[in-house]
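Commentary on secondary and tertiary structure
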Amino acid sequence: MAGTIRHNGTTARDRFLRLGTLPVAAAALTGTVALSMVLVAFGNITDFGTNQQFVQHVLAMDTTFKDPQLMWRAVTSPALQNAAYVAIILWEVLTATVLVLATWLWAVGLRRRDCDRARRASSAGLVMVLLLFGLGFFGIGGEWFAMWQSSDWNGLDSALRYVVLAAFALIVVHLPAAPRED
């Protein structure tokens, strides 16, 4: 019988069912966001010019309604625009690093059945994602620089996907786990 094969006192079915536990789901979500952030940072580093244009247009507010009451906010200095873009990339790299570390801590913690460090690291990385896309894209880009007015350089829909994923992962990471059955 497949369910009766024992390894370290558990059946194959028991080991398989552990994949459905809350800590495994938290680890998987953390890993998913980590991979996503690695790819975002990698893309911005290897294809620097594409999103550099995005940041330049958002900060310059050159595709908004150009309301004189708002245009004083525009940043048209290429040096400041590039500094902002490099700061975004550095934040993405740092965020990806924290989330990759958190994913590794989940893997170690699941084996040891102690996921407290993984939970804390995940929380830090996921909050960093929320700050980047929530504060950075929604608040600063969307509202301060009126990115929502641009049909060409509007990253709000893309940012929303990251905010939702990170917020959902953060909730799962902090759900109370069921007591272990040993």
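Please refer to the structure higher up on the page.
To start, this report covers the structure provided alongside it. (Residues numbered from 1 in each chain as written. Predicted model: local features only at pLDDT ≥ 70, side-chain atom pairs only at ≥ 80, totals over all residues. Heavy atoms only, no water.)

Regarding the overall build of the chain
Along the backbone of the chain there are six helices and two strands. Reading the helices (α) and strands (β) of the chain from amino to carboxyl end gives β-β-α-α-α-α-α-α. When each of the 182 residues of the chain is scored for burial, the buried share is 37%. In the chain, the share of contacts with a sequence separation of at least 24, taken over all contacts with a separation of at least 6, comes to 72%. When the accessible area of the chain is evaluated, it comes to approximately 10,700 Å², of which 66% is carbon and sulfur surface. (Helix = DSSP H or I, 4+ residues; strand = E, 2+ residues; numbered from the N terminus. Buried < 20%, exposed > 50% of the residue type's maximum accessible area, 1.4 Å probe, protein only. Contact = heavy atoms within 4.5 Å. Areas by Shrake-Rupley, 256 points an atom, 1.4 Å probe, with all protein chains shown as cover.)

Let's talk about the packing of helix α5 (residues 116-144) against helix α6 (residues 156-174)
Interaxial distance between α5 and α6 falls to 9 Å at its minimum, and their mutual angle equals 155 degrees. When the axes of α5 and α6 are compared, the pair comes out roughly antiparallel. Where α5 crosses over α6, the two elements pack in a sense that is left-handed. Across the interface between the two elements, Arg-119, Ser-122, Ser-123, Leu-126, Val-127, Val-129, Leu-130, Phe-133, Gly-134, Phe-137, Phe-138 and Gly-142 from α5 touch Leu-156, Ala-159, Leu-160, Tyr-162, Val-163, Ala-166, Ala-167, Ala-169, Leu-170, Val-173 and His-174 from α6. Residues belonging to the contact of α5 with α6 are distributed by class as follows: 17 nonpolar, five polar and one charged. (Axes fitted to C-alpha atoms, helices over the stretch in contact; angles between N-to-C directions. Parallel < 35°, antiparallel > 145°, perpendicular 65-115°, else oblique. Left-handed = near helix turned anticlockwise from the far one by under 90°. Nonpolar A, V, L, I, M, F, W, Y, C, P; charged D, E, K, R; others polar.)

Observations concerning the layout of surface pockets
By volume, the second largest pocket amounts to about 610 Å³. Lining the second largest pocket are 30 residues; nearest its centre among them are Phe-54, Val-55, Ile-88, Leu-132 and Phe-137. In terms of residue count, the dominant contributor to the lining of the second largest pocket is α5 (eight residues). Here the lining of the second largest pocket is built from residues that sort into 20 nonpolar, eight polar and two charged. (1 Å grid on protein atoms, 1.4 Å probe; cavity = no way out; pocket = protein on both sides within 12 Å on 5 of 7 lines; lining within 4 Å. Points joined across faces, edges and corners; volume = space filled by probe spheres on them.)

Focus: empty space enclosed by the protein
Scanning the entire structure with this criterion turns up one cavity of 30 Å³ or more. Its volume calculated, the largest cavity comes out at about 30 Å³. Each residue belonging to the lining of the largest cavity can be placed in one class, and the counts come to five nonpolar, four polar and no charged.

Side note on the packing of aromatic side chains
According to the stated counting rule, one finds seven aromatic pairs in the structure shown. With a centroid separation of 5.8 Å and an interplanar angle of 85 degrees, the aromatic rings of Phe-65 and Trp-148 are classed as edge-to-face. Here Phe-65 is found in the loop between α3 (48-60) and α4 (78-112), whereas its partner Trp-148 is found in the loop between α5 and α6, with 83 residues between them in sequence. Since its relative accessible area comes to 58%, Phe-65 is described here as exposed. Taking the relative accessible area as the measure of exposure, Trp-148 reaches 42% and is therefore partly exposed. Aromatic side chains Trp-72 and Trp-144 sit 5.5 Å apart centroid to centroid with 90 degrees between the ring planes, which places their arrangement in the edge-to-face category. Taken together, the residues Trp-72 in the loop between α3 and α4 and Trp-144 in helix α5 connect sequence positions 72 residues apart. One Lys or Arg, Arg-73, reaches over the ring of Trp-144 and ends 4.3 Å from the middle of that ring. (Phe/Tyr/Trp six-rings, centres within 6.5 Å; stacked < 30°, edge-to-face > 60°. Lys NZ or Arg CZ within 6 Å of the ring centre and 35° of its normal.)

Some points on the pattern of salt bridges
Pairing between side chains becomes possible if they bear opposite charge and their charged atoms approach one another. Considering all chains together, one arrives at one salt bridge under this definition. Linking Asp-116 and Arg-120 is a salt bridge whose minimum nitrogen-to-oxygen distance equals 2.2 Å. With Asp-116 and Arg-120 both in helix α5, this residue pair falls four residues apart, about one helical turn. (Salt bridge = Lys/Arg side-chain N within 4 Å of Asp/Glu carboxyl O.)

Considerations on unusual backbone geometry
Backbone geometry places Lys-66, a non-glycine residue, at a positive phi of 60 degrees. Classification of Lys-66 by relative accessible area gives partly exposed; the value is 47%. Positive phi, normally seen in glycine, also occurs at Arg-113, with a value near 60 degrees. Its location among the elements puts Arg-113 in the loop between α4 and α5.

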